[in-house]
Each structure stands twice: as structure tokens, then as C-alpha cells.
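Take a look at the letters that make up each chain.
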Amino acid sequence: MADGDNALYVDPDGEYLLQSIQASSTEYPTVYRVGLTDNDVSIVVYPQKKIWRWLADDAGVVRMGISFRSTGLDIYYRSNADQKFALISKLRDKDSDEEREESLLDIEGITAGSDTGYVLSNKETGRFALYEFDYRTRALGKMVLGHPENDISNYRLSEDGTNLLSARYTDSRDRIVWFDEDLKKIQSSLEKALKGQEVWIQSRSRDRKKMIIYTTSSVDPGSYYLFKPDAKKLDRIGGINDSIDPAKMASTKYVEYAARDGLKIKAYLTLPKGREDKNLPLIILPHGGPYDVRDAWDYNAEVQFLANLGYAVFRPNFRGSGGYGEDFYTKGEGQIGRAMQDDLDDGMDWLVEQGFADPKRVCLVGASYGGYASIWGAIRNPDRYRCAASFAGVTDWEKQLKYDKRFFRSRYAKEWKETVQGGGDFDLDSVSPVQQIAKLKRPLLLTHGDEDSNVPFSQYKRLVKAAQKANIPVDVKVYEDEGHGFSDRANEIDWYTRLEAFLRKHNPPD
């Protein structure tokens, strides 16, 4: 497996960069020092047999090489530029997950001048946390940052590579933790000044006298500011979409409910403005993925579109969703069409119990896996849902898994099938809309892009053919030259126009 040409390091002063270059796809990469001011080019690391990828530390020293083999990975390492690279670890596909130490491969950066760095690992608690890490021995050190419910998603080092700068995680919203005391104070003051917003320091001058700040919320697409800390001056530069009035948008709440087996599910609930929060028509909007993906609090145009039509919009982070730790993830394995679908139903029941939703006015809408969950929900529970709408949804899991094999090496293709199908010999046809379409009793809007490479267009064609054979009416639309999303604005407008008409007909908001 060849990575091609990669920039490994860029000098902060703009004098040079390190670039890994392959003369051809069959040759091992060489690392060059490329002068950005004098165009001088020299070799820093010569090609070494079987090493396809190089990593540099934050001082521009190439410290690690990775060999991609048919059976796994070999990792080579050195402490400084004067040493030779030594094989320090062999990770094999046939090894157990713990033996392969997959979590320990999530290395963001090597600390300059030291064998001790940092790594994200879930080995100790089942949730990804930030630990000290010895590169040479590959041993975890002390935990630097963890969260009792959520994974730490990433971290950054300081510009000189000697200290931790920040880390991020998501609970009810995206969060940043600064290890730099000055930036921690600036973050706190900005959050006080911009209440109700996520606040992100996007970039800053080296002397930290000028910063670009980005803010957003569930009702605001986002704004950019120029901030001068010394002068305590914050000037708005512009917005993502200033035609959107946040005061007219519907706010989103982070809620929790219990699934039928007791598992706690977190979700986002958006209630329409100008209506009593009682007995509302409901749209359940399951996210794509489905595994290791989650919804967030950020501004979501689709959510606002539906809420402004008058619907309550519900987005559950059902089991298998990302960011909630290993146990929550594994509870979703083998549960597509089953317990993952139960989580949607149980969320609906909770909303009804809370008085928010009218149980007789509920529809499902989604894309990708969310499209599948919408179709399947209408087939599986016609007594619950009045209609369903899907864009690019999976309709035949056996065929989808065969298609997915081309993107995985053999062992991982097997693991992906086990994740979807679960243990034993569960029949995926029993939860696939193509094989179950004759049971559909509710209106279905089915759409797809004919250039989709994630969920192939054949998935759409199979369901249309099966519906015709079973004499089941389905509203259909093919978007030409579109993939697993919209690139043409006119097509996106058409989708939402069709969706609005479909929902008004089958689940009127008024």
C-alpha cells in the first residue's frame, strides 16, 4: 500500500518542508528536505525496504516508519536523527485486538527530543482517553485527560512539540480543553462574552496578539471574529450565512432516555418555535454510519428546515454511535434492524410519554444508514409510523456487505460483516427492505444519486424492482450525476421540495 507524496513537516519560519516522495507506485518513499526560499533539495532519509510511510516529530526529525504488509504492520522507530531505525513492534491481522494494540496506533504527533509522547487509547477504561506514551516500548503511562462518559476525540501539541496544547471531546456539544494556561483564560473569557455559543480559536498570530475566532450554535450557522486579547476587542468579520436569523431558528436540547433494555440513550430534540410543546407532529431523523458516528449540537440546516415546517425533530445517538465508549459501541454490533431500531422506537415512546409528540403523527426521514432505518421502520412498525423518506439508503444488507468487501482487506471485511450481522448465522434478509417490501403499508419516498459509490445505485434499483413486483406503490426520484450527497444545489433544493410536499401530504404539520 503506497501513500504517494506527503508533506511530513513544515518549518514554522517557512524556510523548508520535509516531503516523502515515491518515484513510482512500486518504489519505497524517500524523504527530502525541500527549501522553500532557496529551492535547495536534499535527501534526509533514503528508501528503506518495506517502509511505505514516514512520520516526523514536531522539530522536523523523521522518527518513525511504518511497513504495511499483507499480514499486518511493522513499526520502526528511532530516538534521534543519528540513530538507525529499529523494528519495535509487529502488529498482525491474526492477532487479537488487544495484541494488535489498535488503539495505540492513534498517535497524533511525536514529541521532539523525547521518546515519551501522547496517545489516545481505550485500553484502560473502554473509553478513549489521553495518556502519556513511550514510543520505544509502546507502553502506556499515566492518564492525562479522560471523561466519565465520552471519548476524547483528538489532541494537539504546542508549536515546538514539547507540550500538550489542547484536546477535544463531545458531550452535549463539542468541547476543547486547553493545557496552555493563557489560551485557557482566553477561551473562558470568550465563552462568557459569547454566551450560548461554541467558541473556537481558529488561528492566531505567533505573538498571540491577534486571533480569528469562530462561533456557532444550534440556531446559528456561524460567525468569524477578529479578536485582540490585549485590547479586549472583538470585531465580527462575517458569517457563514447572514441571511439566517438565529432568533427565528428552533433551539436544540440534549436529552436522555432509557431503551427497553435499560441502556441510556442520548439524543437531540429540536422543538418548533411558535407552537406549544405538546402533541407535536414528529420527525425522527436517524444519522448515517451507523457505527462510530454521532449527531451533534451544531447548526443543522436539515433540522431547521423540518422544525420550521412545524415538526419536532428527534435525533437519537442509538447504540453503536461514536463517542460514548467501547461498551456502547459494541452493544450496537449485530443490531442493525433490531436493537438499534428499537432505540428509535423507544425514543418515540419517551417523547410521547413526555407529552412532546403525538403518537399518531410520526414519520422517519434519513440518508445513508438513516435512510435504511427510515425505510425499515415503516416496514417493521406500520402501526407507529405514518411515512418514511430515504436518500441513499441501504436496502439489501447481504449485497451491501459484498460491495463493501472491495474497501477492506480480507480480515477487516470479515470483521465488518460480523459487526453488521453479529454472531451466529442471523439472516440479514429478515431486516433488509428488498426482501421485506411486500409488508410495506405506509407511504415511502425513495431517492438516490446514480453515481453513489458508498451505497451503490443498485441498492435503489433492487428495491424499486421488488416494490413493483409486489405491487407496492413508492414515490421515487433519481438524481443524475450525484453521489452519496448533493453537489448540485438545484438537486438539493428539489430533494427538500419533494420532502416537504411528501410530509405535508402524509403527516401534515398543522
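The structure this text deals with has already been given above.
The sections below set out a description of the structure shown in this document. (Residues numbered from 1 in each chain as written. Predicted model: local features only at pLDDT ≥ 70, side-chain atom pairs only at ≥ 80, totals over all residues. Heavy atoms only, no water.)

**Some details on the pattern of salt bridges**
- Inspection of the entire model under this criterion finds 24 salt bridges.
- Of the charged contacts, one joins R361 and D358 as a salt bridge, the two residues approaching to 3.1 Å between their closest N and O atoms. We note that R361, like D358, is buried.
- E500 serves as the salt-bridge partner of R504, at 3.0 Å between the closest nitrogen and oxygen. Of the two residues, R504 and E500 are both situated in helix α11 (residues 489-506); the distance of four residues between them amounts to about one turn of the helix.
- For R504, a relative accessible area of 36% puts it in the partly exposed group.
- Exposure remark for E500: the relative accessible area of 24% places this residue in the partly exposed category. (Salt bridge = Lys/Arg side-chain N within 4 Å of Asp/Glu carboxyl O. Buried < 20%, exposed > 50% of the residue type's maximum accessible area, 1.4 Å probe, protein only. Helix = DSSP H or I, 4+ residues; strand = E, 2+ residues; numbered from the N terminus.)

**A closer look at a positive patch on the surface**
- On the surface, a cluster of positive charge is contributed by K399, K402, K405 and K417.
- K399 sits in the partly exposed class, given a relative accessible area of 36%. (Patch = residues over 30% accessible without salt bridge, like charges linked within 9 Å, V, L, I, M, F, W, Y side chains within 5 Å. Areas by Shrake-Rupley, 256 points an atom, 1.4 Å probe, with all protein chains shown as cover. Lys, Arg positive; Asp, Glu negative; His and termini not counted. Charge placed at Lys NZ, Arg CZ, Asp CG, Glu CD.)

**Thoughts on the sheet that holds strand β4 (residues 41-45)**
- Taken in spatial order, the four strands make up an open sheet running β1-β2-β3-β4, and their pairing is antiparallel. Either end of the sheet is taken by a strand with one partner, and the two such strands are β1 (6-10) and β4. Here the strands of the sheet are splayed against their neighbours by 30° on average, with no regard to which way each runs.
- For strand β3 (residues 30-35) and β4, the ladder comprises four bridges, and the chain directions are antiparallel. (Pairing = 2+ DSSP bridges. Axes fitted to C-alpha atoms, helices over the stretch in contact; angles between N-to-C directions.)

**A few points about helix α5 (residues 339-353)**
- Here α5 is 15 residues long and its end C-alpha atoms lie 20 Å apart, about the 21 Å a rise of 1.5 Å per residue gives.
- Turning to α5, its buried residues number three or more, namely A339, M340, Q341, D342, D343, L344, D345, D346, G347, M348, W350 and L351.
- Residues of α5 that are buried sit in contact with β19 (252-258), β20 (264-270), β21 (280-284), β22 (312-317), β23 (357-367) and α6 (369-380).
- Residue G355 follows α5 closely and has a positive phi angle near 90°. (Expected span 1.5 Å × (residues − 1). Contact = heavy atoms within 4.5 Å.)

**Description of the pairing of β19**
- Across seven bridges, the pairing between β19 and β20 is antiparallel. Bridge assignment links T252 to a residue of β20, and that residue is T270.
- Between β19 and β20, which pair antiparallel and follow one another directly, the connecting turn spans five residues, one of which, G262, has a positive phi of 95°.

**A look at the side chain of D404**
- With respect to the element layout, D404 can be found in helix α7 (residues 397-404).
- Take D404: its relative accessible area is 10%, and that puts it in the buried class.

**Focus: helix α10 (residues 457-469)**
- The end-to-end C-alpha distance of α10, which contains 13 residues, comes to 19 Å, matching closely the 18 Å that a straight helix rising 1.5 Å per residue would cover.
- Buried within α10 are the following residues: F457, Q459, Y460, L463, V464, A466 and A467.
- In this structure, the buried residues of α10 make contact with α6, α7, α9 (433-436), β25 (444-449) and β26 (475-479).
- N471 occupies a position one or two residues after α10 and carries a positive phi of about 60°.

**Observations regarding the nonpolar core**
- L282, Y372 and W397 are the most contacted members of the largest nonpolar core, which has 56 residues in total.
- A250, L285, V313 and V365 belong to the second-largest nonpolar core, a separate cluster that totals 22 residues. (Core = buried A, V, L, I, M, F, W, Y, C linked by side-chain atoms within 4.5 Å.)

**Observations concerning the sheet that holds strand β13 (residues 164-170)**
- Spatial ordering of the open sheet is given by β12-β13-β14, a layout of three strands whose pairing is antiparallel. Each edge of the open sheet carries a strand with a single partner, namely β12 (152-157) and β14 (174-178). Pairwise comparison of adjacent strand axes, ignoring direction, gives a mean angle of 20° for this sheet.
- In this sheet, β13 lies alongside β12 in antiparallel orientation, the contact comprising five bridges. By the bridge assignment, Y155 is partnered in β13 with A167.

**Considerations on a negative patch on the surface**
- Residues E451, E480, D481 and D488 make up a contiguous surface patch of negative charge.
- Looking at the element boundaries, E480 is found in the loop between β26 and α11.

**Comments concerning the packing of α5 against α6**
- At a minimum axis separation of 11 Å, α5 and α6 run at an interaxial angle of 75°. Our classification of the angle between α5 and α6 gives roughly perpendicular. Of the residues in α6, those touching α5 at M340, Q341, D342, L344 and D345 are Y369, Y372, A373, W376, G377 and R380.
- For the contact of α5 with α6, a count of residues per class yields six nonpolar, two polar and three charged. (Parallel < 35°, antiparallel > 145°, perpendicular 65-115°, else oblique. Nonpolar A, V, L, I, M, F, W, Y, C, P; charged D, E, K, R; others polar.)

**Topic: the side chain of R63**
- Within the secondary structure, R63 is located in strand β6 (residues 62-69).
- Looking at R63, the relative accessible area reads 0%, which means it is buried.
- Here the side chain of R63 touches S114 through a polar contact of 2.6 Å, landing on its backbone oxygen. (Polar contact = N/O pair within 3.5 Å; in protein donor to acceptor, adjacent residues only side chain to side chain.)

**Details of the state of the cysteines**
- With the rule as written, the count across this model stands at one disulfide.
- Here C363 connects covalently by a disulfide to C387, the sulfurs 1.9 Å from one another. Residues C363 and C387 share a disulfide whose torsion about the S-S bond is about 110°; that sign makes it right-handed. Separated by 24 residues along the polypeptide, C363 in strand β23 and C387 in strand β24 (residues 387-391) bring together distant segments of the chain. (Disulfide = S-S within 2.5 Å.)

**Overview of the packing of aromatic side chains**
- Counting across every chain of the model gives 22 aromatic pairs.
- The interplanar angle of 25° and the centroid separation of 6.2 Å between the aromatic rings of Y257 and W350 together place this pair among those described as stacked. Taken as a pair, Y257 in strand β19 and W350 in helix α5 lie far apart in primary sequence, 93 residues in all. Assigned by exposure class, Y257 and W350 land together as buried.
- Judged by centre distance (6.1 Å) and plane angle (45°), the rings of F391 and W495 are tilted. Residue F391 is found in strand β24, and its partner W495 is found in helix α11; the two are separated by 104 residues along the sequence.
- Among the aromatic residues, those joined into a ring-pair cluster are F305, F391, Y479, F486, W495 and Y496.
- Across from the ring centre of Y16, 4.0 Å away, lies the NZ or CZ of R33, which sits over that ring.
- One residue, R338, lies across the ring of F426, its end atom 3.5 Å from the ring centre. (Phe/Tyr/Trp six-rings, centres within 6.5 Å; stacked < 30°, edge-to-face > 60°. Lys NZ or Arg CZ within 6 Å of the ring centre and 35° of its normal.)

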